[in-house]
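Residue-level structure breakdown
Each chain, written out:
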Amino acid sequence: MNNNDLTNLLDSQRKYFQSGATLPINFRVQMLKKLYATILKYKADIVDALYSDLRKSAYESYMSEIGMALTELSYMINHVRAFVKPKRAKSSLAQFPSKCYTMSSPYGNVLIMSPWNYPFLLNIGPLADAISAGNTAILKPSAYSPVTSALIKKMIDECFEPSYVAVVLGGREENSALLDLKFDFVFFTGSQSVGREVLRRSAEHLTPVVLELGGKSPCIVDSSASIKFCARRIVGGKLLNCGQTCIAPDYILCEKSIKDELVREIITQIKEQYGENSLDNTNYGKIISEKHFNRVCALIDKDKVVFGGRVDKEELRIEPTVLDNVSWKDAVMQEEIFGPVLPVLTFEKFDDVYEILKDKPKPLALYLFTQNKQRESYVMQKFQFGGGCVNDCIIHIATSEMGFGGVGESGMGSYHGKAGFDAFSHTKSIMKRKSKLELSMRYQPYDKKHEKYLQKFLK
């Protein structure tokens with residue numbers, strides 16, 4: 001699409017929203033159900049597309065993308081009627097007699113910009129929230145996952161009129177052209193560098209945004225942790241989608257006394273989960289592109305590899321790799337890894353952990369493995385991060401009952417379930433007054449005798 005085409009598309013969506021067609025709750029539920037049915041119809045094609053782009057197995061595709069998208073749609077279908085109901089609020093004495101309430105209102109025309117690592121889920125999940133809130137939407141999937149992006153366009157074109165929901169394919173040129181337009185709301189998932197540009201460009205229109213970014217999410221392990229369960233869960237979380245997950249444990253920070261045992265068990269778990277030769281495992285994925293493959297390979301210091309390290313450049317595959325004796329100055333600690341490389345760092349005593357991490361950018365996720373409740377409470381309260389788990393990894397996002405989002409450098413705003421409905425809505429605060437009764441102290445000429453009552457009301 002050229003700039004004129006995009007402008008015309010947004011204009012058509014603006015007119016459609018202004019017609020009020022997206023507002024009735026029955027319409028929203030009907031559209032959510034229609035999208036749900038379309039996903040079921042194309043389930044096999046979605047699996048094939050994800051395999052083509054990321055070499056995801058059918059099992060992993062359903063577990064981490066298709067199933068979670070269906071779950072979000074189901075949640076909205078079952079709960080959106082309650083979400084749109086006005087909520088009573090308490091009136092103040094100064095407002096007597098009155099009725100106060102809040103109600104959710106859609107932003108209007110929204111732009112959803114999605115990444116390549118979970119190219120189906122991270123388009124459909126936000127779209128479910130946008131539809132439930134009563135918006136129109138333009139989806140901009142990633143050019144790095146072309147097969148899945150093309151399939152999403154085919155599905156959306158079949159499911160909705162473009163004046164309601166549309167998909168724009170393309171790369172940087174199309175991204176830039178879309179950000180030139182004035183949307184009512186922008187939802188972006190991706191890297192921090194692109195997120196800064198989205199925020200800057202949206203600010204030119206005073207357009208509100210939600211940014212779901214990433215960062216180096218730490219995995220803290222103390223000496224009280226159950227090493228076997230800890231290692232199994234870390235490996236499962238780190239290597240999901242070949243490490244290309246924004247909330248994957250980026251590195252391990254463990255108590256020095258258990259480091260050797262933990263590393264041994266991690267290696268054991270990699271072999272148990274992925275086989276002695278993971279590059280022969282048909283359920284093990286690949287890196288999305290040659291560019292990203294080369295970037296991840298450059299982070300592997302061969303002198304610090306204690307397991308793995310082999311690569312298949314032709315297939316863009318990197319063996320699960322564990323790095324030991326890593327320092328904070330190493331290349332692998334200077335950026336988000338976003339691949340199957342796991343560095344291990346240590347601390348002497350638990351009190352050191354906060355000092356080590358306090359000045360690091362706020363991560364999207366933090367994972368703590370401990371049996372010590374005092375340490376658990378300390379970390380959950382003291383450290384700033386988007387969300388996380390105690391004694392597990394990644395699984396905190398597998399519910400529509402809790403919002404998901406970052407803080408600081410890892411993003412702003414959250415979504416999933418009610419948080420997603422709220423993200424794509426503006427909450428109006430409304431007071432309805434009775435017509436006959438009046439508080440004369442509000443008006444001039446001001447009367448001294450009312451001053452004591454005024455001070456009683458407003459304190």
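Look up a bit, the structure's there.
Residues numbered from 1 in each chain as written. Predicted model: local features only at pLDDT ≥ 70, side-chain atom pairs only at ≥ 80, totals over all residues. Heavy atoms only, no water.

Some details on the side chain of Glu-60
- Looking at where Glu-60 falls in the secondary structure, it is placed in helix α4 (residues 58-84).
- Here Glu-60 occupies a buried position and makes no salt bridge, while the nearest side chain of opposite charge, Lys-56, is found at 5.1 Å.
- A distance of 2.8 Å separates the side chain of Glu-60 from the backbone nitrogen of Asn-241, its partner in a polar contact.
- In this structure, Glu-60 is in contact with Glu-65, Leu-240, Asn-241 and Asn-283, ignoring residues within four places of it in sequence. (Helix = DSSP H or I, 4+ residues; strand = E, 2+ residues; numbered from the N terminus. Buried < 20%, exposed > 50% of the residue type's maximum accessible area, 1.4 Å probe, protein only. Lys, Arg positive; Asp, Glu negative; His and termini not counted. Salt bridge = Lys/Arg side-chain N within 4 Å of Asp/Glu carboxyl O. Polar contact = N/O pair within 3.5 Å; in protein donor to acceptor, adjacent residues only side chain to side chain. Contact = heavy atoms within 4.5 Å.)

Quick notes on the pairing of strand β6 (residues 185-189)
- With five of five residues buried, β6 is to be regarded as a mostly interior element.
- Along β6, one buried face is formed by Phe-185, Phe-187 and Thr-189 and the opposite face, lined by Val-186 and Phe-188, is buried too.
- Pairing of strand β3 (residues 109-113) with β6, which is carried by four bridges, proceeds in the parallel orientation. Directly across from Leu-111, in β6, lies its bridge partner Val-186.
- In terms of strand pairing, β6 meets strand β7 (residues 209-212) through four bridges, oriented parallel. Within β7, the position partnered with Phe-188 by the bridge is Leu-211.
- Handedness of the β-α-β unit built from β6, helix α8 (residues 192-203) and β7 comes out right-handed. (Pairing = 2+ DSSP bridges. Right-handed = clockwise from strand over helix to strand, strands pointing away.)

Description of unusual backbone geometry
- Even without being glycine, Cys-242 reaches a positive phi, approximately 60°.
- Residue placement: Cys-242 occurs in the loop between α9 (227-239) and β9 (251-255).
- Given the relative accessible area of 2%, Cys-242 is considered buried.
- Even without glycine at this site, Asn-391 takes up a positive phi of about 65°.
- Position of Asn-391 among the secondary structure elements: in the loop between β16 (387-390) and β17 (404-405).
- A residue is classified by how much of its surface remains accessible, and Asn-391, at 19% relative accessible area, is buried.

Regarding the packing of aromatic side chains
- The tally for this structure, following the rule as stated, stands at 16 aromatic pairs.
- Residues Trp-116 and Phe-338 carry aromatic rings whose centres are separated by 5.5 Å and whose planes lie at 90° to one another, so their mutual orientation is edge-to-face. Separated by 222 residues along the polypeptide, Trp-116 in the loop between β3 and α5 (121-133) and Phe-338 in the loop between β13 (321-323) and β14 (341-347) bring together distant segments of the chain. Each of the two residues, Trp-116 as well as Phe-338, counts as buried.
- Connected via pairs of aromatic rings, a cluster forms that spans Tyr-107, Phe-185, Phe-187, Phe-404, Tyr-415 and Phe-424.
- A cation over a ring is seen here: Lys-99 above Tyr-101, with NZ or CZ 5.8 Å from the ring centre.
- The aromatic ring of Trp-328 is capped on one face by Lys-360, whose charged end is 4.4 Å from the ring centroid. (Phe/Tyr/Trp six-rings, centres within 6.5 Å; stacked < 30°, edge-to-face > 60°. Lys NZ or Arg CZ within 6 Å of the ring centre and 35° of its normal.)

Section: the sheet that holds strand β20 (residues 425-433)
- The strand order across the open sheet built from three strands is β1-β2-β20, with neighbouring strands paired in antiparallel fashion. Two strands in the sheet have a free side with no partner beyond their single neighbour: β1 (87-89) and β20. On average, each strand axis in the sheet is inclined to that of its neighbour by 30°, with strand direction left out of account. (Axes fitted to C-alpha atoms, helices over the stretch in contact; angles between N-to-C directions.)

A few points about the sheet that holds strand β18 (residues 411-412)
- Ordered in space as β5-β4-β3-β6-β7-β18, the six strands form an open sheet in which the pairing is mixed. Two strands lie at the open edges of the sheet, namely β5 (165-167) and β18, each paired on one side alone.
- Relative to β18, β7 runs antiparallel, the two sharing two bridges. In the sheet register, Glu-212 faces β18, and the bridge partner there is Gly-411.

Digging into the nonpolar core
- Formed by 117 residues in total, the largest nonpolar core has its most connected members in Leu-35, Ile-39, Phe-120, Val-221 and Ile-252.
- Of all the elements, α4 adds the most residues to this core, at nine residues.
- Apart from residues lying up to four places away in sequence, Ile-39 is in contact with Ile-46, Ile-66, Leu-70, Leu-73, Phe-120, Ile-124 and Met-155.
- Formed by 19 residues, the second largest nonpolar core is a distinct cluster that contains Met-113, Ala-177, Leu-178 and Phe-183. (Core = buried A, V, L, I, M, F, W, Y, C linked by side-chain atoms within 4.5 Å.)

Comments concerning the packing of helix α2 (residues 25-41) against helix α6 (residues 146-159)
- At a minimum axis separation of 10 Å, α2 and α6 run at an interaxial angle of 135°. Classified by the interaxial angle, the pair formed by α2 and α6 is oblique. Handedness of the crossing formed by α2 with α6: right-handed. For the pair α2 and α6, the contacting residues are Lys-34, Leu-35, Thr-38, Ile-39 and Lys-41 in the first and Met-155, Ile-156, Glu-158 and Cys-159 in the second. (Parallel < 35°, antiparallel > 145°, perpendicular 65-115°, else oblique. Left-handed = near helix turned anticlockwise from the far one by under 90°.)

Re the pairing of β16
- With burial as the criterion, only one face of β16 is covered, namely that bearing Gly-387 and Cys-389; the residues Gly-388 and Val-390 on the opposite face remain uncovered.
- Alignment of strand β15 (residues 365-369) against β16, held across four bridges, turns out to be parallel. In the sheet register, Tyr-367 faces β16, and the bridge partner there is Cys-389.
- You can see the chain leave β15, run along helix α13 (residues 373-382) and come back into β16, and the turn it takes is right-handed.

A closer look at α5
- The end-to-end C-alpha distance of α5 is 18 Å, a good match for the 18 Å that 13 residues give at a rise of 1.5 Å each.
- Burial analysis of α5 places 13 of its 13 residues in the buried class, the great majority of the element. (Expected span 1.5 Å × (residues − 1).)

A word on a positive patch on the surface
- Together, Arg-88, Lys-99, Lys-432 and Lys-434 make up a positively charged patch on the protein surface.
- Along the chain, Lys-434 falls in the loop between β20 and α15 (451-457).
- Take Lys-434: its relative accessible area is 58%, and that puts it in the exposed class. (Patch = residues over 30% accessible without salt bridge, like charges linked within 9 Å, V, L, I, M, F, W, Y side chains within 5 Å. Areas by Shrake-Rupley, 256 points an atom, 1.4 Å probe, with all protein chains shown as cover. Charge placed at Lys NZ, Arg CZ, Asp CG, Glu CD.)

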